[in-house]
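Letter by letter, the chains look like this.
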Amino acid sequence: SRTIRLASIPGDGIGPEVVSEALKVLQAVTEGGDTVFDVTEFSLGAGRFTATGDILTDADLEAISGHDAILLGAVGGDPRDPALRGGIIERGLLLKLRFALDHYVNLRPTKVYPGVPSPLSDPGAVDFVVVREGTEGPYVGNGGSLRTGTPHEIANEVSVNTAYGVERVVRYAFDLARKRPAHRLTLVHKTNVLVFSGSLWQRTVDAVAAEYPEVAVDYQHVDAATIHLVADPARFDVIVTDNLFGDILTDLAGAISGGIGLAASGNINPDGAFPSMFEPVHGSAPDIAGQQKADPTAAILSTALLLDHLGLPEESIRVTRAVEADIEGRASASTSGHRSTSEIGDAIAAAVSSITASSSR
Ligand code: NAD
Ligand code: IPM
Ligand code: MN
């Protein structure tokens, strides 16, 4: 049998609520199989910072790095707490992990599942993946302010884009587009204004495209991309984009595909030098935290991405099927009553187990 060491970081707000359900489903899908998940929980986030002053110590990072994969709920404390301003937890924990573990691919698939009430009246067959760069762009913290707090303040935030960093994520996106049935890749940027980074991204895509003649390539400015994502999202297959544009587009993608409570993601280190980290796209949702109101589906679908990444495609498909079945049922009268976070987790875990039983006959 194979033992997989999983680091779990439930985090803040609804993070612990949704991670419990994801672990429940992980347990159900591995039950009776050859693979065992050995889960170590790390208590990190706003609660720990407030109690101890620590966000992510070198010892934490080293311990986490020794795992095969990471499952994260959400981080970010109460927005009214002045001690947490400036995204101190988000940067010191989430972004630090993405950078330290070289998660240069932030993979965010979007699908409109049958039965999902999309806010779009006729979304069509939506099935695309945003390949968001994860270690560069405006996220690197390269900035500062001069004459802070005066009327002459100058605040700079420099977006860092390296040829190495852009090429590796663009190559990943082309490889993905080649494997997917539609073979389409869209670069999204703002090359009409951000000329230096835009030029690097465009030249990189043009150069790599020559090696992938089967992939149809196009380009959209990010503002126009938001129109197309709402007006005709089915046109997209693989979108490759910078860290900040990818952040914004994937909340929009979550909204059109039936809600942020369904949007999953993987922070991938494709080389395997470091553990990859899987997490819902959403945050800690302080407005609904602690009330069993959060939809755990995004965390559960993130677990499906984790299983696939770890070379367990059958388990991944079973989790996805169970989620699809649950979502379809949500549209029908039988489950239209309001379910708690753990009731949704229980239902998906039960569905996963029944998929095992029927497929093993
Ligand atoms: P958010 O995603 O936490 O919440 C936005 C809205 O979506 C809220 O109305 C919330 O109730 C709802 N929502 C989110 N997840 C849901 C779920 N699973 N089920 C049902 N409804 C859900 O975004 P925000 O309010 O901008 O951020 C709150 C905190 O989370 C901030 O501190 C932010 O920095 C942090 N954050 C963390 C992550 C992360 O850990 N990956 C991601 C985004 C935001
Ligand atoms: C996300 C979040 C993070 C991001 C924040 C919390 C730093 O919004 O994972 O989408 O901007 O990447
Ligand atoms: Mn985001």
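Residues numbered from 1 in each chain as written. Chains lettered and ligands numbered in written order. Predicted model: local features only at pLDDT ≥ 70, side-chain atom pairs only at ≥ 80, totals over all residues.

Novice: Explain the overall build of the chain here, please?
Specialist: Along its length, the chain carries 11 helices and 12 strands. Relative to its length of 361 residues, the chain is compact, with a C-alpha radius of gyration of 20 Å against a globular reference of 21 Å. C-alpha extents for the chain along the principal axes are approximately 65 × 55 × 40 Å. Considering the chain as a whole, with its 361 residues, one finds that 44% of them fall into the buried category. Considering only contacts within the chain whose residues lie at least 6 apart along the sequence, 77% involve residues at least 24 apart. (Helix = DSSP H or I, 4+ residues; strand = E, 2+ residues; numbered from the N terminus. Rg over C-alpha atoms; globule rule 2.2 N^0.38 Å. Buried ≥ 20, exposed ≤ 12 C-beta atoms within 10 Å, placed from the backbone. Contact = placed C-beta atoms within 7 Å.)

Novice: Before we go on, may I ask you to explain the UniProt feature "binding site: substrate" (unreviewed entry) in the chain in this structure?
Specialist: Under the local residue numbering, the UniProt record ascribes the feature "binding site: substrate" (unreviewed entry) to Arg98, Arg108, Arg132 and Asp223. On the basis of their most widely separated C-alpha atoms, the annotated residues across 126 residues do not gather in one place, lying as much as 26.3 Å apart. Looking at the element boundaries, Arg98 is found in helix α4 (residues 88-100). In this view, Arg98 contacts His103, Gly134, Thr135 and Asn267; residues no more than four positions away in its chain are not counted. With respect to the element layout, Arg132 can be found in strand β5 (residues 127-133). If near-sequence neighbours (up to four positions away) are discounted, Arg132 is found in contact with Asn106, Arg108, Thr241, Asn243, Gly246, Asp247 and Thr250. (UniProt positions renumbered as here; feature names shortened; annotations may be inferred.)

Novice: Teacher, can you tell me more about the site of ligand 1 here?
Specialist: Contacts to ligand 1 come from 22 residues, most closely from Gly76, Gly261, His282, Gly283 and Ala285. The residue makeup of the shell around ligand 1, split by class, is 12 nonpolar, 6 polar and 4 charged. (Near = placed C-beta within 6 Å. Nonpolar A, V, L, I, M, F, W, Y, C, P; charged D, E, K, R; others polar.)

Novice: What is the right way to look at the environment of Gly115 in this model?
Specialist: Inspection of the secondary structure puts Gly115 in the loop between β4 (105-111) and β5. For the pair Gly115 and Gly258, spaced 143 residues apart in sequence, the C-alpha to C-alpha distance is 9.5 Å. When sequence neighbours within four positions are dropped, the list of residues in contact with Gly115 reads Ile327, Glu328, Arg330 and Ala331.

Novice: Mind showing me how you'd approach the pairing of strand β3 (residues 69-74) here?
Specialist: The side chains of a regular strand alternate between the sheet's two faces. Counting buried positions along β3 yields 6 of 6 residues, so the element is predominantly enclosed. As judged from the 5 bridges shared by strand β1 (residues 2-11) and β3, these two strands associate in the parallel manner. The residue bridging Ser8 from the neighbouring strand is Leu71, located in β3. When β3 meets strand β12 (residues 276-280), the two strands line up parallel, connected through 3 bridges. Residue pairing for β12: Ala69 is matched across the bridge by Ser276. (Pairing = 2+ DSSP bridges.)

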